Amino acid sequence: MRSILRLLLFFGLISGIAVPGFCQQASDSAMYAFVNHLISQMTLDEKIGQLNLLTSDMAVTGPTMRKEYLDDIQAGRCGGIFNAFGPAYVRKLQEIAVDSTRLHIPLLFGFDVIHGHKTIFPIPLGMACSWDTAGIEQAARIAATEAAADGLNWVFSPMVDLARDPRWGRVAEGAGEDPYLGSLIARAYVKGYQGNNLADSNTVMACVKHYALYGAVEAGREYNIVDMSRRRMFEDYLPPYKAAIDAGVGSVMSAFNEINGVPATANHWLLTELLRQQWHFKGFVVTDYDAIPELINHGIAADTAEASKLAFQAGAEMDMQGLAYIHHLKTLVEEGQISEDAIDQAVRDILIAKYKLGLFQNPYNRIDEGRAQREIMSPDKLAFARQMARESIVLLKNEHQLLPLKKSGTIAVIGPLANDQRDMIGCWSGAGDWHKAVSILQGIREAVGNQAKILYALGANITDDTSMLRQLNAFGGDIHPSPLSPQQLIREAVATARKADVVVMCLGESAGMSGEAASRADIHIPENQRELLKAVYATGKPIVLVLSNGRPLVLKWEGEHIPAILETWFLGTEAGHAIADVLFGDSNPSGKLTMSFPYAVGQIPVYYNHKNTGRPGNPNVKWTSKYMDIPNDPLYPFGYGLSYTHFTYGPLQLDKPVLMPGDKLHIRVTLTNDGDRDGTEIAQLYIRDRVADVTQPVKVLKGFQRVFLKKGESKTIEFTLTADDLRIYDQHMQYRYEPGVFDVYVGGNSRDVQQASFVLK
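Residues numbered from 1 in each chain as written. Predicted model: local features only at pLDDT ≥ 70, side-chain atom pairs only at ≥ 80, totals over all residues. Heavy atoms only, no water.

(A) View of the side chain of glutamine 696. One can find glutamine 696 in the loop between β23 (679–689) and β24 (700–709). For glutamine 696, the contacting residues outside a window of four places in its chain are Glu235, Lys611, Asp689 and Ile728. (Helix = DSSP H or I, 4+ residues; strand = E, 2+ residues; numbered from the N terminus. Contact = heavy atoms within 4.5 Å.)

Written out as structure tokens, the structure is:
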């Protein structure tokens, strides 16, 4: 460590002792001088070592490190570790790097912190349905604080892949189908994780993923190819990544998919021309797990040496667990196929990240056992997780005002997800402890106390599909089917329902049915659960369907027959409490869908901002673009969500009929809560360019506001548009605005809106 301290003193970065916030105060020139001097002292082997990211294995007792990887750290053949957390464990590994290597360069410690570290928030798709970007930023801030307290300095989040195919399991990790909202949420995550100064001990470096276009994998199948036009890339799929870059994200993870026939990890256009030359990204690029050797399976490389060359030349700087660079880059340099200057630049990007994180000043600045005990799962963090969980719930249906329930009488709580803690924290819950999660049954019991009688029946297993069960349990599903037969379970549930005044059915997916490598061709509620629901429905008892799931589901039968449906996603540690808050009206649901729910699987992909054909769908006309057996529209559209109160939108008012470049158009509407409860409405602004150089979507989201109104209260809300908001990519892919007529829409979802028009001169 002495050599690092001497360098810091030499470049004036510390004065005898560490100065808090020195990275923020030190000039860029001093940072580059320090890093360049360090690189000048490194051997080629040490440089390549910085490009090597190794995994820590996970055992029942916690993370463990393979003996050969410990040797690699000690020899300077490792730049970072992922899956390593816990202050004592991280300190042990950091001490090896700092005390035993020749140049004492500290390690990066990364982890998949996707929706919380140990205080688990709703899955990202759920949190997106809150439309609360400030809340999402705060959730990321809390996740960063806990992760940093647990020894981490790098998180593989946010995932900003726009997705329009709910068969793809990883829709759970993103923000849904809209590029505008997805961009705002991407920015919120980056700001929340990284704070104002990466050197602060409660920040972590974010890693935007999966760059790029991964949400458009063909057939919704994980790791599949992506094939789309350059136009669709720039109009729809690329904006959220660009928003994260503009927000200053420190690192980017390349995707598994190919783009225009070239896998992302070996795609020079993607990783260098677009990312660095056009978007001016200054951080470093890490591959996804084992992505470099997998270039052989793609058919673009004959062996790992060639794969290493292609990936490195494309711009992939750190190799995650592929062990390709550590074995092949030196030979490639010696053969003249890769220059050492290029190696230096990759190392420079990684060392700058470590510098900005404050690791050269204090490699242990995030390692503190006492701080971990104080920060992790503290009461204030759990309270905020409960708040975000409430905001993420979407009320899909509420016939005859069945909800909210009264805290009286007899309530039957039935279903495989009712008394389930394991699945409440959802997929990619990382270091979260499901034993600390609140089940729906527990939440309901605590909410009603002794005011109502609560009955419970399992009713069904999560699935009776033995093949699915094997797959889930092979990867930590921890699912233990009941010894009772499906028929016995249903009979028991029906008998329980008959004793109740109202039935709360808790159905959906297990956590392992969504997330990575969890694509599903059939996205109905599992068949055995649907049989249970139909049997209970036949009793004639009023039913509230509470859904726990990681993706939009096909709910045609449920939507036609069940009077009340709550979409609760996987809400995290405080799931049961949040669901009970909404069920009994202590909280009024305000969530709005950020991904359309299809009427049938055959519609997929279905999304609100589609384009018209020359023959738009008309069910009354034969020769139009439509299905013969189902509507074109989704069952529940983007932006949709009900409330226990009712909101009315007054007529749209535009302050001018003509918008000139450089001017602003003000759109006003009076929103009234004319129901009998206080509530929050998410008012949404959409536009349409009627005639343009290239065809345009039928609607495009351009703004929204979360508006809280007391019962009987009215408020005039205002949206502002400028010519810049109306820009499109023309036939030559120039981003500009065109004069013409524009429609503007305001409403509570993408379908139910009011319309006005203006002219852009």
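So, next bit.
(B) How the structure looks around the packing of helix α9 (residues 179–194) against helix α11 (residues 239–246). Here α9 crosses α11 at 30°, and the two axes come no closer than 8 Å. With respect to α11, the element α9 is oriented roughly parallel. The crossing of α9 and α11 is right-handed. Of the residues in α11, those in contact with Pro179, Gly182, Ser183, Ala186, Arg187 and Val190 of α9 are Pro239, Pro240, Ala243 and Ala244. Here the residues of the contact of α9 with α11 are counted per class, giving 7 nonpolar, 2 polar and 1 charged. (Axes fitted to C-alpha atoms, helices over the stretch in contact; angles between N-to-C directions. Parallel < 35°, antiparallel > 145°, perpendicular 65-115°, else oblique. Left-handed = near helix turned anticlockwise from the far one by under 90°. Nonpolar A, V, L, I, M, F, W, Y, C, P; charged D, E, K, R; others polar.)

(C) How the structure looks around the environment of histidine 577. As for its placement among the helices and strands, histidine 577 is situated in helix α24 (residues 575–583). Overall, histidine 577 belongs to the buried group, its relative accessible area being 14%. Distance in space between the C-alpha atoms of histidine 577 and serine 587 is 11 Å, their sequence separation being 10 residues. Contacts of histidine 577, omitting those with residues within four sequence positions, involve Arg386, Val438, Gly443 and Glu446. Side chain to side chain, histidine 577 and glutamate 574 meet in a polar contact 3.0 Å long. (Buried < 20%, exposed > 50% of the residue type's maximum accessible area, 1.4 Å probe, protein only. Polar contact = N/O pair within 3.5 Å; in protein donor to acceptor, adjacent residues only side chain to side chain.)

(D) View of the environment of serine 392. Inspection of the secondary structure assignment puts serine 392 in helix α18 (residues 379–392). Aside from chain neighbours lying at most four places away, what touches serine 392 is Pro122, Gly126, Met127, Cys129, Ser130, Glu567, Trp569 and Leu571.

None of this, on its own, says anything about what the molecule does.
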